[in-house]
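Observations on the three-dimensional arrangement
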Amino acid sequence: MEITDETIAHVAELVKLEFDGERAAGIKADLLKILEYMDTMNVLDTEGITPMSHVLPLKNVFREDVVTNGRGEADLLENAPCIKEGKFVVPKTVG
């Protein structure tokens, strides 16, 4: 695969990047190195190797949901900046 200056400009436009010609030439050289490396990887025999979706084994690290009756109104209002008649007081937003 060949990477042209137009390809670099198009990709830069897609990702909303702007850079001068010298930087574009550097990016083009880096991309060509990556493609070269991928070509060397293509000669490896991968027949019978199961693809992996992640390099580390994944497990759910979240705790189970436990239904409770909550903390109670007094605990909820404890850190409220302003309380009136047992309710939060918030600034009026609609005129």
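Our structure is the block above this text.
Conventions we followed
- Residues numbered from 1 in each chain as written.
- Predicted model: local features only at pLDDT ≥ 70, side-chain atom pairs only at ≥ 80, totals over all residues.
- Heavy atoms only, no water.
- Helix = DSSP H or I, 4+ residues; strand = E, 2+ residues; numbered from the N terminus.
- Buried < 20%, exposed > 50% of the residue type's maximum accessible area, 1.4 Å probe, protein only.
- Contact = heavy atoms within 4.5 Å.
- Salt bridge = Lys/Arg side-chain N within 4 Å of Asp/Glu carboxyl O.

1. A closer look at unusual backbone geometry
- Of note in the backbone geometry, K16 takes a positive phi value of approximately 60° without being a glycine.
- Inspection of the secondary structure puts K16 in the loop between α1 (5-14) and α2 (21-41).
- By relative accessible area, which is 72% here, K16 ends up exposed.
- Positioned with a positive phi, E85 is a non-glycine residue whose angle comes to about 55°.

2. Comments concerning the environment of L77
- Within the secondary structure, L77 is located in helix α3 (residues 73-77).
- Residues L77 and L56 lie 21 residues apart in sequence; the distance between their C-alpha atoms is 43 Å.
- Every residue in contact with L77, bar those within four places of it in the chain, is listed here: I83, G86, K87 and F88.

3. What to know about the pattern of salt bridges
- Applying the stated criterion to the full structure yields one salt bridge.
- Here D5 ties to K28 by a salt bridge, and the two come within 3.4 Å at their closest N and O atoms. One end of the pair, D5, is in helix α1; the other, K28, is in helix α2, and 23 residues separate them in sequence.
- Relative accessible area serves as the criterion here: at 52%, D5 is assigned to the exposed category.

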